[in-house]
Structures are given as structure tokens and as C-alpha cells.
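If you want the building blocks of each chain, they are given just below.
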Amino acid sequence: MNTFIKGMDLSTLPEVERCGGKFYDNGKPGDAVSILKSYGMNLVRLRLWNDPYSEDGVPYGAGTNDLLRTVQMAKRLKDTGVDWMLDLHYSDFWADPGKQTIPKSWRGMEPKALAGAVYDFTFSVMTTLASSGLLPTITAVGNELSNGLLWPYGRTPNFENIVLFLNAGIQAVRDAAPGVKIMLHLDNGKTCDLKKDATARSMLQMMDTAPKKGFDLTVTDPADVTGFLRYMLEAGRTERVAG
């Protein structure tokens, strides 16, 4: 993995192109990935939704990022010589601090069954990517986790269930693709100061509370990377980030 990552999320790029989007560098048309790579991009994040279609099979949009489209985009990145990161939402559409909706096919499951579903889904995804020679450099187990995942069972302060679900995803990645680094992804990285940031503090509380309650945050290894999401229009200039 590169020492310094310079990247972005291109999950919606194929849909933009299907809608007629064109990309230029100094007025010269070109491939978006190649143009970005020429300016130093070395890693791309791709999100994965479990089943981003309605009950009638209508796509939800925003890239319709199912496994097939993710594989196609990962191959494009590999062919261009760019590393990529997989972002598992464990939802059929957007998962964020305001919503962490259980996938349609997992509805009605209790926490232990949900953890099994997380493991099976993650393991299947990683083995599919491995068999295609398309493993990511990093896999984020969950998206914007400050308020948990798979609500209502994994919503903060239900830390035991949050840990149960994260353990399942982490273990599946370790089992299927031991060389892939694992990320825990938090939102609200505008200060990167967990002690002062109320939104991100819930994850800090979980990390602190879990061992005291007799269960571990991770299975056999800690997550390798903690990722902080930062929206520039909301958070301002990078100089304002507190170390």
C-alpha cells in the first residue's frame, strides 16, 4: 500500500459516463481514471450495496453499486494500474450516521443470525474478488460507523451487537483474504479529535466499553486503519484538522 494515499470515491463514475458525462484535461478528452492517475491519484474507493434494487427490480440509482458493477469497476482500475478500496455498507443503499438500514434479505433476523449473514456476505464478496484477481488493498467493514450499523440491533449504545457484527465482517476478510487491510470507517472527521467530537465519540466509547464488558472489538487482530470522513464544504480547509 502507498505510504501516502491520494484518492477519491469513483463509485458513481460509470453511471455518469452512461448518462453522457465526458472528461477533459486541458481541453483534451480522455478517460477519467487515467486523467486522475496522471495527477497523482493512487487509490479509489468503491462502495458496495447488498441489493440496490426495489422489490420490483428497479435500481435505486446513485451508481447501483452491486457486486457485478463493483467487479467491473475494480477491473478497470486494475487495468489502469490504480489500487482500490472496498467500502462495505451492509445495506441496500446509503448507510450513514442518520440511517443504517438492514438489507431486505436480512430482515427478521436476530443479532446472531445477522452476524452470520455479515460473515457469509463478506466472505462471498472477498472470495469472488480473489478468484477474479481483483482483491482491494483495503476493505472498510461498515460505512460511517459512529452511530453503529444494522439498526436497530446495532445502533449505539448497543455496543455488544455492534462488536458482534464488526467481528463477523473482520473475521470474514481475514479468512478469505488475509493480506487485505481492514478499516473501521468513522464520519465527521472535520477535527479528527475523538475526545472533543461528539459524533465520533460514540465509537471511542465503544472501543473503551467493549473490553470492560468482557468482549473484544476485534477477533484475533485489530483493524489496520481508522478512516475519518471529511466533507470539505462542511469542514473547511485541511489546515483546520486537529491531529
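So, how was this worked out
Residues numbered from 1 in each chain as written. Predicted model: local features only at pLDDT ≥ 70, side-chain atom pairs only at ≥ 80, totals over all residues. Heavy atoms only, no water. Helix = DSSP H or I, 4+ residues; strand = E, 2+ residues; numbered from the N terminus. Contact = heavy atoms within 4.5 Å. Areas by Shrake-Rupley, 256 points an atom, 1.4 Å probe, with all protein chains shown as cover. Salt bridge = Lys/Arg side-chain N within 4 Å of Asp/Glu carboxyl O. Phe/Tyr/Trp six-rings, centres within 6.5 Å; stacked < 30°, edge-to-face > 60°. Lys NZ or Arg CZ within 6 Å of the ring centre and 35° of its normal. Buried < 20%, exposed > 50% of the residue type's maximum accessible area, 1.4 Å probe, protein only. Pairing = 2+ DSSP bridges. Right-handed = clockwise from strand over helix to strand, strands pointing away. Core = buried A, V, L, I, M, F, W, Y, C linked by side-chain atoms within 4.5 Å.

This brings us to the overall build of the protein. The secondary structure content of the protein amounts to seven helices and eight strands. Sequence separation of 24 or more characterises 73% of the internal contacts of the protein that already satisfy a separation of 6 or more. Total accessible area on the protein is roughly 12200 Å²; 54% of this is exposed by carbon and sulfur atoms.

This part takes up the environment of Val-71. Looking at the element boundaries, Val-71 is found in helix 3 (residues 67–80). For the pair Val-71 and Leu-46, spaced 25 residues apart in the sequence, the C-alpha separation amounts to 9.7 Å. Among all residues touching Val-71, those that are not within four sequence positions of it are Leu-129 and Leu-134.

With that settled, consider the pattern of salt bridges. Throughout the structure, instances matching the rule amount to eleven salt bridges. For Asp-9, the salt bridge goes to Arg-47, with nearest N and O atoms at 3.8 Å. Placement of the pair is Asp-9 in strand 1 (residues 7–9) and Arg-47 in strand 4 (residues 43–48), with a sequence separation of 38 residues. For the salt bridge of Glu-15 with Arg-18, the shortest nitrogen-to-oxygen distance reads 3.9 Å. Of this pair, Glu-15 and Arg-18 both sit in helix 1 (residues 13–18), separated by three residues, roughly a single helical turn. Taken together, the shared-partner salt bridges in this structure form one network comprising Asp-9, Arg-45, Arg-47 and Asp-87.

For the rest of this paragraph, the subject is the packing of aromatic side chains. What the rule picks out here adds up to seven aromatic pairs. Members of the aromatic cluster, each reached through a chain of ring pairs, are Trp-49, Tyr-60, Phe-93 and Trp-94. The aromatic ring of Trp-151 is capped on one face by Arg-155, whose charged end is 3.8 Å from the ring centroid.

Most of strand 5 (residues 83–88) sits out of view: five of its six residues are buried. Summarising the sheet, strand 4 and strand 5 pair through six bridges and their orientation is parallel. Within strand 5, the position partnered with Leu-48 by the bridge is Leu-88. As for the winding sense of the linkage, the β-α-β connection from strand 4 through helix 3 to strand 5 is right-handed. Note that strand 5 and strand 6 (residues 138–141) share four bridges and pair parallel. Paired with Met-85 across the strands is Ile-138, a residue of strand 6. Each parallel crossover has a hand, and the one from strand 5 via helix 4 (residues 111–131) to strand 6 is right-handed.

Tyr-90 and Trp-106 are the most contacted members of the largest nonpolar core, which totals 45 residues. Listing elements by their share of this core, those giving two or more residues are helix 2 (32–38), strand 4, helix 3, strand 5, helix 4, helix 5 (159–176) and strand 7 (181–186). Contacts of Trp-106, omitting those with residues within four sequence positions, involve Asn-50, Tyr-90, Leu-114, Ala-117, Val-118, Phe-121 and Leu-150. Ranked by size, the runner-up nonpolar core spans five residues in total, among them Leu-43, Met-85, Ala-140 and Met-183.

Before going further, it helps to examine unusual backbone geometry. Here Trp-151 and Pro-152 are connected by a cis peptide whose omega angle stands at 5 degrees. Mapped onto the fold, Pro-152 is located in the loop between strand 6 and helix 5. Here the bond from Thr-156 into Pro-157 is cis, since omega is 10 degrees, no more than 30 degrees from zero. Considering the arrangement of structural elements, one finds Pro-157 in the loop between strand 6 and helix 5. Of note in this structure, Thr-64 is not a glycine but carries a positive phi near 45 degrees. Non-glycine residue Tyr-90 carries a positive phi angle of around 55 degrees. Along the chain, Tyr-90 falls in the loop between strand 5 and helix 4.

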